[in-house]
Amino acid sequence: SSIGIIELMLIKHTVVSVDKLTPSILNLVLKRNDGQPFYTFQPGQYATLSFYANGRPSVERCFSIASSPTTQDRLEFGVRIGGKYTQAINKLKAGDSVNVRGPFGGFVFDAPQQQNVVFCAGGIGITPFMSMLRFASTTNLKNNITLLYSVRNQDEVAYYKEINQIATLHPNIRVFFVVGEGPIDKIHLSNYIFQGRINPEMLAKACDENYKN
């Protein structure tokens, strides 16, 4: 089908920037070489990335798209630095070439159907939810959204300022931070700040004890 052909297309992009969001998480920003917008994707979907490292083509790896579908001039990806592949991404510079294939995946935010949602994210797992939150904010959705975001320590909260800004601008969007260890003195403005791990009490509060909806 035509949809299948589109999904298999590999589109050449150029690196706009590679910046640190946290000590271990990168924000990779790309733009299409042909000047066209990235084809339509749904908040929560992912794409594959490949590039040349030391003169050799890399394999394709999957990364969730962090930008909103409403942002047509760039694609953003959050990447945790770990193995050789992500360390190579860390070495990319503005102007380098990256190939993108996608979008893929059914883990998406269906705004018309999901009027009351709780997003549960841990660490780098925040990236698909950033696409959803940015989409909800940009389109001024009235869905009741609660983000329950668990991190190892307060320095590993990716997109911290933007998340708080979205929650401040939209009363229907709440944020609960759960910090695994260490202090929480740098975290402000969120609806709730917890220490430790996500537990049934936190989930009950995030759902307003209304699991049916």
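Scroll up a little and you will see the structure.
Residues numbered from 1 in each chain as written. Predicted model: local features only at pLDDT ≥ 70, side-chain atom pairs only at ≥ 80, totals over all residues. Heavy atoms only, no water.

A. Representation of the overall build of the protein chain in the model. From N to C terminus, the protein chain includes five helices and 11 strands. For 213 residues, the compact-globule estimate of 2.2 N^0.38 gives 17 Å, and the C-alpha radius of gyration of the protein chain, at 18 Å, lies within 12% of that figure. Dimensions of the protein chain along its principal axes, counting C-alpha atoms only, are 50 × 40 × 25 Å. Here the protein chain, with 213 residues, has 47% of them falling under the buried criterion. In the protein chain, the share of contacts with a sequence separation of at least 24, taken over all contacts with a separation of at least 6, comes to 67%. Roughly 11200 Å² of accessible area belongs to the protein chain as shown, and the carbon and sulfur atoms make up 52% of that amount. Distance between charge centres in the protein chain, computed from 21 positive and 16 negative side chains, equals 6 Å. (Helix = DSSP H or I, 4+ residues; strand = E, 2+ residues; numbered from the N terminus. Rg over C-alpha atoms; globule rule 2.2 N^0.38 Å. Buried < 20%, exposed > 50% of the residue type's maximum accessible area, 1.4 Å probe, protein only. Contact = heavy atoms within 4.5 Å. Areas by Shrake-Rupley, 256 points an atom, 1.4 Å probe, with all protein chains shown as cover. Lys, Arg positive; Asp, Glu negative; His and termini not counted. Charge placed at Lys NZ, Arg CZ, Asp CG, Glu CD.)

B. Structural detail: the sheet that holds strand S10 (residues 173-179). As summarised here, the arrangement of the four strands in space is S8-S9-S10-S11, forming an open sheet in which the pairing is parallel. Each edge of the open sheet carries a strand with a single partner, namely strand S8 (116-122) and strand S11 (192-195). For this sheet the average axis-to-axis angle between neighbouring strands, irrespective of direction, equals 15 degrees. Where strand S9 (residues 144-151) lies against S10, seven bridges are found, and the strand directions are parallel. Within the sheet, the bridge partner assigned to Ile145 lies in S10 and is Ile173. Contacts between helix H3 (residues 127-138) and the sheet are confined to S8, S9 and S10, with S8 contributing the most and set at about 140 degrees to the helix. (Pairing = 2+ DSSP bridges. Axes fitted to C-alpha atoms, helices over the stretch in contact; angles between N-to-C directions.)

C. Layout of the side chain of Asn143. Residue placement: Asn143 occurs in the loop between H3 and S9. Exposure remark for Asn143: the relative accessible area of 3% places this residue in the buried category. For Asn143, the contacting residues outside a window of four places in its chain are Phe109, Ala111, Gln114, Gln115 and Asn172.

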